[in-house]
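# Coordinate inspection notes
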Amino acid sequence: MRFKLKPKRRLLTRMYLTSLSIITLVGFGLAWMVNILHAQNSYNEETAQLIAEIPQVAAELREHDLIPDTSAWLEENRKGERYVMASCDDRFKQVWTSAMAVDRGLFDTCERFADIKNDSPPYYLTLSDNRGYYIYMLSVEIAKIHYNLLVMKDAEKLEQEYDKFSRRTYIRLALVLVLALILLVSAAYWGMRPLVRMREELKSIADGKAKSLSDGYPVELEGVTQALNQLLQQSSAQQERYQNAMNDLAHSLKTRLAAVHAILDDRALDQQEVSEKVMEQVSQMDHLVKYQLKRAMLGRKGLKQEQTQLLPLVNQLSQMLFKIYRDKDVQFSARILPLLQFPGDKGDVMELCGNLMENAFRLCISTVRVSAEINDNGEFELRVEDDGPGVAESLRQKILERGVRADTRSPGQGIGLAVCHEIVQSYNGILTIEESNLEGAMFRIRIPL
């Protein structure tokens, strides 16, 4: 049982690892995108704020006579913080440097920025003072001359803010992963419950406590449970066929063995005749063994494609039964046209006639009659009659079941008539038990052609 559980554990492990890997990959990807979007959003907000504060920036430029005094928008300038900035021409050659930038020795900012200007914002540069800066670029036109204004902010404070935001993002991601793991384990346990139930039911079937899987499985497993139930039914049916075939074979061989004993005890036969008749019975036994094995493999439905001449087989069986019941001096007659054929397999004919005629010889007083014809309804009809005690009407249906016998005084297993009933049903025929004109039982078989 431990060996059977290992595949399930491996399956769960693979499911957990695969699902967690996907969730983790997607989660870290989203966190990385969130951090990038946060940095870009912060850059855009800072840029928008700087644009709103352009009058203050322009005032800084005015102090160095970079723009004419007649520009009207400079009149809106309000005093504020001084900026670390540089002005570049359209070729990113630095043409002006703010006082704070001069104090820090940042005289090559434009040239350094030219190397990264095609990257996506935010722009980060380590400048000549060996400090990191975030660069904000504003395009301005002064006196009809285009300038690229670079505003620099110390990256240390912004990086601390970005790191704090990243930590919060990854902490939230970790919480989401823990929650996802809990939900995944719960979903796996809940999803595997039908499989655990199926395992327990299969164990019950293996122990003989059940015959099939129950209903109520999820829709996704209905196909599996139906296929398993069909397989179990086929296996059970095949096992039953094998069991019945072995029982039927034993029943059929019993009559042939009795015939062999009778032949060996017959002092009227010389050695050659005994050998010939014994070999004839052995040949019949061999045919019966092959027939029963074939029936066990294919079932009755696979054995009804032939036509068998009836009279020679009935005469052969009667000679065998004469040997077995020679003490009774049975008067036997066969009313069958020489060319009349039974619409089925020779093995089936031997089983039918052998069982019915053996019962008739065993239970009769002195007379047995077998007749066959094509009746007025176009059916093949076979009748086996005797002058014995007959069969009570209350037992006529019951004795067609396996294990049920009308005559409990003589040895037997109650198999012969059940076999005949099964054979007739496989040909869509009818087996009835009636009262004979001989005042005994008549077994009537009708098979549609």
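Where an unreviewed UniProt entry is consulted, the chain appears under the name histidine kinase, with the organism given as Shewanella litorisediminis. Annotation of the chain in UniProt includes, under Catalytic activity (unreviewed entry), the sentence "ATP + protein L-histidine = ADP + protein N-phospho-L-histidine." Reading the Subcellular location (unreviewed entry) entry of the UniProt record for the chain gives the comment "Membrane".

Quick look at a nonpolar patch on the surface now. A surface patch of nonpolar side chains, about 770 Å² in accessible area, is lined by I22, V26, F28, L30, W32, M33, I36 and Y170. With seven residues, the top contributor of residues to the nonpolar patch is helix 1 (residues 2-52). Tracing the backbone through its elements, the reader meets V26 in helix 1.

Here five strands make up an open sheet; going across it, the order is 7-9-10-12-11 and the pairing mixed. Edge positions in the sheet fall to strand 7 (331-335) and strand 11 (430-435), since each of these pairs with one other strand and no more. Taken pair by pair, the neighbouring strands of this sheet meet at an average axis angle of 10 degrees, ignoring direction. Lying over the sheet, helix 10 (residues 416-426) contacts strand 11 and strand 12 (441-448), oriented at roughly 130 degrees with respect to strand 11.

With that settled, consider the nonpolar core. Counting 45 residues, the largest nonpolar core has L310, C353 and M357 as its most contacted members. Elements represented by at least two residues in this core include exactly helix 8 (310-324), helix 9 (346-363), strand 9 (367-374), strand 10 (379-386), helix 10, strand 11 and strand 12. Considering every element that reaches this core, the biggest residue donor is helix 9, with eight residues. If near-sequence neighbours (up to four positions away) are discounted, L310 is found in contact with I336, L340, V349, C353, A372, F380 and L382.

Below, the discussion takes up the environment of Q230. With respect to the secondary-structure elements, Q230 resides in helix 6 (residues 219-265). Looking at Q230, the relative accessible area reads 48%, which means it is partly exposed. Between the alpha carbons of Q230 and S212 there is a distance of 8.9 Å; along the sequence they are 18 residues apart.

Basis of the calculations
Residues numbered from 1 in each chain as written. Predicted model: local features only at pLDDT ≥ 70, side-chain atom pairs only at ≥ 80, totals over all residues. Heavy atoms only, no water. UniProt positions renumbered as here; feature names shortened; annotations may be inferred. Patch = residues over 30% accessible without salt bridge, like charges linked within 9 Å, V, L, I, M, F, W, Y side chains within 5 Å. Areas by Shrake-Rupley, 256 points an atom, 1.4 Å probe, with all protein chains shown as cover. Salt bridge = Lys/Arg side-chain N within 4 Å of Asp/Glu carboxyl O. Helix = DSSP H or I, 4+ residues; strand = E, 2+ residues; numbered from the N terminus. Pairing = 2+ DSSP bridges. Axes fitted to C-alpha atoms, helices over the stretch in contact; angles between N-to-C directions. Contact = heavy atoms within 4.5 Å. Core = buried A, V, L, I, M, F, W, Y, C linked by side-chain atoms within 4.5 Å. Buried < 20%, exposed > 50% of the residue type's maximum accessible area, 1.4 Å probe, protein only.

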